[in-house]
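Observations on the three-dimensional arrangement
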Amino acid sequence: MKFNFKMISDEDEHLEENVKVMENQIKAKKAILEEVLRTLETEKDGSNSVKRRKYIRDILNCEVSHKCGKNDIFSANKIDSFRFESNMFVRFEITNRSTKGNLAIRVSTCSTESSIRWILFENRTSVNTFPFVRASATLCVSIPFCSFLENDSISVNICGTLIQNTNQLYSLIY
């Protein structure tokens, strides 16, 4: 029985070189990403920031998490989440911060595969539904659990639009 030790060591050296090259590539990508994130956080133009985050998501296949800034119109605070049958439910407390009108809510997801459903309740224990938020309301979002099997995470977008109060509308007409 004869072993070729020289052959094994050459392969080891080649593998070690490949690992070093990959480590250097990862360090370079990490440095580039850190620099991009630094500019995203200081960017004054929000539309460019959104475009760059989309590029990062599409090209590097990763989502950049960022701190939620204070929204002047509304806030959404997570209450709880739970699984019931084949759906995952997440409840949010929506607070209307504006005094200029009621808040119409719209919920969507970035993922085209997952279809979500949502409903707006008067409060945490109520069964009364509302089409808009006066002062505060509870938003219940239902996501099919199979969506989590296809994706590591699901992003939910909560958009709010101000609707002027009717007495303000009448005062504008007269």
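For the structure, see preceding data.
Please read these numbers as outputs of a predicted model, since none were measured by experiment.

Here we take up the overall build of the protein. If you tally the helices and strands in the protein, you get four helices and six strands. Starting at the N terminus and ending at the C terminus, the protein contains elements arranged as α-α-β-β-β-β-β-α-β-α. Out of the 174 residues in the protein, the part that is buried amounts to 22%. Only carbon and sulfur atoms are counted for the fraction: they give 55% of the accessible area of the protein, which is about 13,500 Å².

Right, let's get into unusual backbone geometry. A positive phi angle, near 55°, is found at Glu85, a position not held by glycine. In this structure, Glu85 sits in the loop between β1 (74-84) and β2 (87-96). Judged by relative accessible area, which is 63%, Glu85 ranks as exposed.

Right, let's talk about the sheet that holds β1 for a bit. The four strands are arranged β1-β2-β5-β4 in an open sheet whose pairing can be described as antiparallel. The open sheet has two edge strands with one neighbour each: β1 and β4 (117-121). Between one strand and the next, the sheet's axes are offset by a mean angle of 20°, whatever the strand orientation. By the bridge criterion, nine bridges tie β2 to strand β5 (residues 136-144) in an arrangement that is antiparallel. Within β5, the residue paired with Phe89 across the bridge is Ser142.

Tallying each qualifying case throughout the model produces two salt bridges. Between Arg91 and Asp80 there is a salt bridge, with the nearest N and O atoms lying 2.9 Å from each other. Of this pair, Arg91 sits in strand β2 while Asp80 sits in strand β1, and the two are eleven residues apart along the sequence. Owing to a relative accessible area of 18%, Arg91 belongs among the buried residues under this scheme. Linking Arg124 and Glu93 is a salt bridge whose minimum nitrogen-to-oxygen distance equals 3.7 Å. Taken as a pair, Arg124 in the loop between β4 and β5 and Glu93 in strand β2 lie far apart in primary sequence, 31 residues in all.

All right, on to a negative patch on the surface then. On the surface, Asp10, Glu11, Asp12, Glu13, Glu16 and Glu17 cluster together into a negatively charged patch. Topologically, Glu13 is positioned in helix α1 (residues 5-42).

Inspection of the secondary structure puts Val133 in the loop between β4 and β5. For Val133, a relative accessible area of 0% puts it in the buried group. For the pair formed by Val133 and Phe74, sequence separation is 59 residues and the distance between their alpha carbons is 9.6 Å. Beyond its immediate sequence surroundings of up to four residues, Val133 is in contact with Ile94, Asn96, Asn102, Leu103, Ile105 and Leu120.

Reading the values: the criteria
Residues numbered from 1 in each chain as written. Predicted model: local features only at pLDDT ≥ 70, side-chain atom pairs only at ≥ 80, totals over all residues. Heavy atoms only, no water. Helix = DSSP H or I, 4+ residues; strand = E, 2+ residues; numbered from the N terminus. Buried < 20%, exposed > 50% of the residue type's maximum accessible area, 1.4 Å probe, protein only. Areas by Shrake-Rupley, 256 points an atom, 1.4 Å probe, with all protein chains shown as cover. Pairing = 2+ DSSP bridges. Axes fitted to C-alpha atoms, helices over the stretch in contact; angles between N-to-C directions. Salt bridge = Lys/Arg side-chain N within 4 Å of Asp/Glu carboxyl O. Patch = residues over 30% accessible without salt bridge, like charges linked within 9 Å, V, L, I, M, F, W, Y side chains within 5 Å. Lys, Arg positive; Asp, Glu negative; His and termini not counted. Charge placed at Lys NZ, Arg CZ, Asp CG, Glu CD. Contact = heavy atoms within 4.5 Å.

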